[in-house]
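One-letter residues, chain by chain:
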Amino acid sequence: MKHIKTLTDKTLKNTMEKGGCGECQTSCQSACKTSCTVGNQTCEQNK
Amino acid sequence: MIHQFINNGYYIVLDVCSGSVHVVDQLVYDVIALYEQFDAEEIKQKLSQYPPAEIDEALAEIRELKEQGKLFTQDVYRDAIVDFKKRKTVVKALCLHIAHDCNLACKYCFAGEGEYHGDRSLMSYEVGKKALDFLIENSGSRVNLEVDFFGGEPLMNFRVVRELVAYGRSRERECNKKFRFTLTTNGVLLDDEVMEFANREMSNVVLSIDGRREVHDRMRPTRNGKGSYDLIIDKFKKMAESRHQTNYYVRGTFTHYNLDFSKDVLHLADEGFEQISMEPVVAQPSEPYAIREEDLPELLKEYDKLAKEMVERKKAGKGFQFFHFMIDLTGGPCLYKRLSGCGSGTEYLAVTPWGDLYPCHQFVGMEQFKLGNVDTGVTNTEVVDEFKLCNVYAKEKCKDCFARFYCSGGCAANSYNFHGNLLEAYDVGCELERKRVECALMLKAALYEEGE
């Protein structure tokens, strides 16, 4: 496209197909402990 | 729902419900703002500064993305998330309060200098062992189990940490589990023996340091009132290097006293740390160091400043990670994870030195949130049910927020501390989170341009 660059490939809807396995890290166990930051967590299935 | 913003010269359009991120030119940016309200002719009239043919081109690209489900998508996830949250959950992570005691006297400590509104106490091996057994028994078919050695200062009870790691490892094979241990420490007791152990056994290490010496020493004095920066800085550097600059964080807290916190992050980067986290203090407004609403404009500018500097450093080959700007646009969390929250009170529990269970470390000591103990298991199912219902659709403030897929509805403890219930949101925290998401997306846009 000339005017738009899209940085993402899959959409959130796509992630519903295989999602919800629950194997991923609990968000507070990483570094925060006083906030909630989920968007930066990694999907265990993509490791 | 669309969220569009300009940051560091980048025109960014986030299609909130699909999670698609688009970097656009000014023309498309202006067209998208009008797209849902006006037809093509009206848009051309309103944007007469652009040649009509160019507007037609922009409209064609927008339509194409809309057809692909990457622009102007609707939030259709509500039912799926409500059902998902109702499911039978397993416990997959424990925060072990291995020591309710501390060798520092940090002024902002939510644990009250490590004591958590209770007596100074160290967790015994027996209690810790029961906690690990409880986790194994309540984790269903989940393989990866997380255990964080937290405090107070966990190294004040290092012997028990070591014994519990050995016990956990001894049960991994028979139970088909894998423990991922984390150690959070203020560094005072960190020595070669601890480092060697941590590098062998800990998946992650969180090293507490607030940044510049004067900032750190003001809020993190020793018990006799002296600064602690010089006690820890060299040990933290050694630890970071010995872990090859991965699988650790130096983690700081900023307060009303250092609103220019980007300097603290950059100080840590200048000292050679590559994994950095810096969080706003969470405190009652009556505390002099608490972040206030009037601090927000300055704090938002600081995040912008930091993000811009990170782009420059990355281009110069001196990049580092800032925890709150990390965002995974390709292999990130699934929708269920994004909308169901941190798991406190259900998948994630905190254990006190004497074995009581709480929804998370921040609720420890609040009697009404006590869930049970390591002998009885979870008995207060009423509170667990309350946490189960916690999701972004249950929170009025989150419904129209563009950041809801990134913060997952925010921290339940913050909500409770500021509003007295779990389904609110800590407004100052929300403002900061929205800015962090914007900065994170800008960083992605800038690095995409660099070919990464």
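Residues numbered from 1 in each chain as written. Chains lettered and ligands numbered in written order. Predicted model: local features only at pLDDT ≥ 70, side-chain atom pairs only at ≥ 80, totals over all residues. Heavy atoms only, no water.

A. Structural context of the overall build of chain B. A count of helices and strands for chain B gives 16 helices and 15 strands. In chain B, buried positions account for 60% of the 452 residues. Relative to all contacts within chain B whose residues are 6 or more apart in sequence, the contacts with residues 24 or more apart total 70%. When the accessible surface of chain B is totalled, it reaches about 18,300 Å², and 47% of it is carbon and sulfur. Within chain B, one finds 57 positive and 73 negative side-chain charges whose respective centroids are separated by 4 Å. (Helix = DSSP H or I, 4+ residues; strand = E, 2+ residues; numbered from the N terminus. Buried < 20%, exposed > 50% of the residue type's maximum accessible area, 1.4 Å probe, protein only. Contact = heavy atoms within 4.5 Å. Areas by Shrake-Rupley, 256 points an atom, 1.4 Å probe, with all protein chains shown as cover. Lys, Arg positive; Asp, Glu negative; His and termini not counted. Charge placed at Lys NZ, Arg CZ, Asp CG, Glu CD.)

B. Expanded view of the packing of helix α1 (residues 26-35) of chain B against helix α3 (residues 52-67) of chain B. All names here are of chain B. Where α1 meets α3, the closest approach of the two axes is 10 Å, and the angle between their N-to-C directions is 65 degrees. Like other packed secondary-structure pairs, α1 and α3 cross with a definite hand, here right-handed. Mapping the contact onto sequence places Leu 27, Val 28, Val 31, Ile 32 and Tyr 35 in α1 and Glu 54, Ile 55, Ala 58, Leu 59, Ile 62, Arg 63 and Lys 66 in α3. When grouped by side-chain class, the residues that make up the contact of α1 with α3 number 9 nonpolar, no polar and 3 charged. (Axes fitted to C-alpha atoms, helices over the stretch in contact; angles between N-to-C directions. Left-handed = near helix turned anticlockwise from the far one by under 90°. Nonpolar A, V, L, I, M, F, W, Y, C, P; charged D, E, K, R; others polar.)

C. Spatial organisation of the nonpolar core. Ranked by size, the top nonpolar core spans 137 residues in total, and within it B:Leu96, B:Phe149, B:Met202 and B:Phe325 carry the most contacts. Per-element accounting of this core gives the leading share, 10 residues, to helix α16 (residues 427-449) of chain B. If sequence neighbours within four positions are ignored, B:Met202 has contacts with B:Phe149, B:Val161, B:Val165, B:Phe181, B:Thr182, B:Leu183, B:Phe197 and B:Arg243. Membership of the second largest hydrophobic core comes to 21 residues, among which are A:Ile4, B:Val13, B:Tyr50 and B:Leu65. (Core = buried A, V, L, I, M, F, W, Y, C linked by side-chain atoms within 4.5 Å.)

D. Geometry of the sheet that holds strand β2 (residues 10-15) of chain B. Spatial ordering of the open sheet is given by β1(A)-β3(B)-β2(B)-β1(B), a layout of 4 strands whose pairing is antiparallel. This sheet does not close on itself; its edge strands, each paired only once, are β1 (4-6) of chain A together with β1 (2-7) of chain B. Sheet twist, expressed as the average angle between the axes of neighbouring strands with direction ignored, equals 25 degrees. Alignment of β1(B) against β2(B), held across 6 bridges, turns out to be antiparallel. (Pairing = 2+ DSSP bridges.)

E. Quick peek at the environment of B:Thr379. All names here are of chain B. Summarising the element assignment, Thr 379 is placed in the loop between β15 (377-378) and α13 (381-388). You can call Thr 379 exposed: its relative accessible area is 52%. The contact partners of Thr 379, leaving out residues within four places of it in the chain, are Leu 371 and Gly 372.

F. Geometry of the interface of chain B and chain A. Contact residues are listed per partner, giving 79 residues for chain B and 42 residues for chain A. Surface buried jointly by chain B and chain A totals about 5,200 Å² across both partners, of which 55% is contributed by carbon and sulfur atoms. For the chain B face of the interface with chain A, the top three residues by lost area are B:Glu61, B:Phe323 and B:Lys337, together amounting to 11%. The partner of A:Lys2 in a salt bridge is B:Glu57, with the nearest N and O atoms 2.9 Å apart. If you look at where chain B meets chain A, you find 22 residue pairs in polar contact (both at pLDDT 80 or more). For the side of chain B that touches chain A, the leading source of residues is α3(B), giving 7 residues. Tallied by class, the residues present in the side of chain B that touches chain A amount to 41 nonpolar, 19 polar and 19 charged. Strand direction decides the pairing type here: β1(A) and strand β3 (residues 20-24) of chain B, joined by 3 bridges, are antiparallel. Looking at β3(B), one finds that A:Lys5 is bridged to B:Val23. (Buried area = accessible area lost by both parts, 1.4 Å probe. Salt bridge = Lys/Arg side-chain N within 4 Å of Asp/Glu carboxyl O. Polar contact = N/O pair within 3.5 Å; in protein donor to acceptor, adjacent residues only side chain to side chain.)

G. Structural view of the packing of aromatic side chains. Residues and elements named next belong to chain B. All told, the structure shown has 18 aromatic pairs over all chains when counted by the stated rule. Here Phe 363 and Tyr 416 contribute two aromatic rings whose centre-to-centre distance is 6.2 Å and whose plane-to-plane angle is 55 degrees, an arrangement assigned as tilted. Highlighted residues: Phe 363 in the loop between β13 (356-358) and β14 (372-373) and Tyr 416 in helix α15 (residues 412-419), separated in sequence by 53 residues. Chaining the aromatic ring pairs together yields one cluster made of Phe 254, Phe 261, Tyr 303, Phe 322 and Phe 325. Over the face of the ring belonging to Phe 38 we find Lys 46, whose NZ or CZ atom lies 4.5 Å from the ring centre. Note that Arg 218 overlies the ring of Tyr 257, its terminal NZ or CZ placed 3.5 Å from the centroid. (Phe/Tyr/Trp six-rings, centres within 6.5 Å; stacked < 30°, edge-to-face > 60°. Lys NZ or Arg CZ within 6 Å of the ring centre and 35° of its normal.)

H. Region of the structure containing the pairing of strand β6 (residues 144-151) of chain B. Residues and elements named next belong to chain B. Counting buried residues along β6, 8 of its 8 residues qualify, which places the element largely inside the surrounding structure. Going residue by residue along β6, you find Asn 144, Glu 146, Asp 148 and Phe 150 tucked away on one face and Leu 145, Val 147, Phe 149 and Gly 151 tucked away on the opposite face as well. Sheet topology places strand β4 (residues 93-100) next to β6; 6 bridges connect them, and they run parallel. Bridging from a neighbouring strand, His 97 pairs with Phe 150 of β6.

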